[in-house]
Amino acid sequence: MIKTRTVRILHLALLSASCLAISCVGGVELAVREEPSVSAETQTRRASILRAEDRRLVDEELLAAVEDSRPEIRALAVRALGRIGEASSREQLEASLLDADAEVRGAAAYALGLLGNVAALPALHAATRDGEARVRALAADAVGLLGDPLSADTLLALSLIHI
């Protein structure tokens, strides 16, 4: 049986290779979008998400932001759910792995890794086969963070593909 230490080593190897391929820092892609102007509504929504995260509170505004029409807002809200760390957010985050926008799917994978709940492994394993490289990398990072010895095969297969 593969030990947790082996999973961590595979995780780090894959993370290094992925970061080189998609320009990320610390396992988190730097998703910066150039915007000529940001509407007052968008600024207000961003502020409400950051307030919820600072208070470490999953409130109705934050949950509504996860369903917002703007991918940037959905991604920010999904990351906030992961940072807040409430176990009850897992199902919402898993649903966000299926979002039409790759930034949101990547944020969901990252957030599930932060939750540290191995119950998210099946959804994260599926996300390692996403059509977007950055989503696959963030999902693999999350799988590695969970440190499940049974996930070593997934990480090894990904590392062989990407190294």
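Scroll up to find the structure this text is about.
Since the structure is predicted, the reported quantities are computational estimates derived from the model, not experimental observations.

S.K.: An account of unusual backbone geometry is requested, with residue identities and associated values reported.
M.R.: Trans peptide bonds make up the majority, and among non-glycine residues the majority have a negative phi. Although it is not a glycine, R56 adopts a positive phi angle of roughly 55°. Its location among the elements puts R56 in the loop between α2 (40-55) and α3 (60-66).

S.K.: If you had to explain the environment of R129 to someone new, which residues and values would you point to?
M.R.: Following the sequence through the fold, R129 ends up in the loop between α7 (121-127) and α8 (133-146). Under the relative-accessibility criterion, R129 is labelled exposed at 63%. For the pair formed by R129 and A140, sequence separation is eleven residues and the distance between their alpha carbons is 9.6 Å.

S.K.: Can you tell me about the nonpolar core, naming the residues and giving the values?
M.R.: In terms of nonpolar packing, the biggest core is built from 32 residues, with I49, L62, V78, L93, L97, L112 and L124 touching the most fellow members. At the level of secondary structure, the elements contributing two or more residues to this core comprise α2, α3, α4 (71-84), α6 (102-115), α7 and α8. Excluding residues within four positions of it along the chain, I49 makes contact with L62, A65, I73, L76, A77 and A80.

S.K.: Before we move on, can you summarise α4 with the specific residues and values?
M.R.: Taking 1.5 Å as the rise per residue, α4 with 14 residues should run 20 Å; its terminal C-alpha atoms sit 20 Å apart, in good agreement. Most of α4 sits inside the fold, with twelve of its 14 residues counted as buried. Of the surrounding elements, those touching the buried residues of α4 are α2, α3, α5 (90-96) and α6. Immediately beyond the C-terminal end of α4, within one or two residues, lies G85, with a positive phi of roughly 85°.

S.K.: Pulling in residues and values, what's your account of the packing of α6 against α8?
M.R.: Orientation of α6 relative to α8, taken along the N-to-C sense of each, is 5°, at an axis distance of 8 Å. When the axis of α6 is compared with that of α8, the two are roughly parallel. For the pair α6 and α8, the contacting residues are A102, E103, R105, G106, A109, L112 and G113 in the first and R134, V135, L138, A139, A142, L145 and L146 in the second. Among the residues making up the contact of α6 with α8, the classes are represented as nine nonpolar, two polar and three charged.

S.K.: Which residues make up the side chain of D68, and what values go with them?
M.R.: Within the secondary structure layout, D68 lies in the loop between α3 and α4. D68 sits in the buried class, given a relative accessible area of 8%. Beyond its immediate sequence surroundings of up to four residues, D68 is in contact with R45, I73 and R74.

S.K.: Tell me what's going on with the environment of I73, and back it up with residues and numbers.
M.R.: Examined against the element boundaries, I73 turns out to sit in helix α4. Relative accessible area serves as the criterion here: at 0%, I73 is assigned to the buried category. Each C-alpha atom of the pair I73 and I49 lies 8.5 Å from the other, and the pair is 24 residues apart in sequence. Contact partners of I73, with chain neighbours within four places excluded, come to T42, R45, R46, I49, A65 and D68.

S.K.: Describe the pattern of salt bridges, with residues and values.
M.R.: Enumeration over the complete set of coordinates arrives at eleven salt bridges. A salt bridge links R45 to D68, with the shortest nitrogen-to-oxygen separation between them at 3.6 Å. In this pair, R45 is assigned in helix α2 and D68 in the loop between α3 and α4, connecting sequence segments 23 residues apart. Here the salt bridges share partners, and the residues they tie into one network are E41, R45, D68 and R70.

S.K.: Talk me through α2; I want residue IDs and the actual numbers.
M.R.: Residues spaced three or four apart along an α-helix point in a common direction, a consequence of the helix completing one turn every 3.6 residues. Taking 1.5 Å of rise per residue, 16 residues should cover 22 Å, and α2 covers 22 Å from first to last C-alpha, within 8% of that figure. Regarding α2, the residues found buried are T42, S48, I49, A52 and E53. Mapping the buried residues of α2 onto a view down its axis gives an arc of 135°, with all of them on the same face. In α2, the exposed positions that point more than 90 degrees away from the buried face belong to A40, T44 and D54. Looking at the buried residues of α2, the elements they touch are α3 and α4.

Parameters at a glance
Residues numbered from 1 in each chain as written. Predicted model: local features only at pLDDT ≥ 70, side-chain atom pairs only at ≥ 80, totals over all residues. Heavy atoms only, no water. Helix = DSSP H or I, 4+ residues; strand = E, 2+ residues; numbered from the N terminus. Buried < 20%, exposed > 50% of the residue type's maximum accessible area, 1.4 Å probe, protein only. Core = buried A, V, L, I, M, F, W, Y, C linked by side-chain atoms within 4.5 Å. Contact = heavy atoms within 4.5 Å. Expected span 1.5 Å × (residues − 1). Axes fitted to C-alpha atoms, helices over the stretch in contact; angles between N-to-C directions. Parallel < 35°, antiparallel > 145°, perpendicular 65-115°, else oblique. Nonpolar A, V, L, I, M, F, W, Y, C, P; charged D, E, K, R; others polar. Salt bridge = Lys/Arg side-chain N within 4 Å of Asp/Glu carboxyl O. Arc of directions from axis to C-beta.

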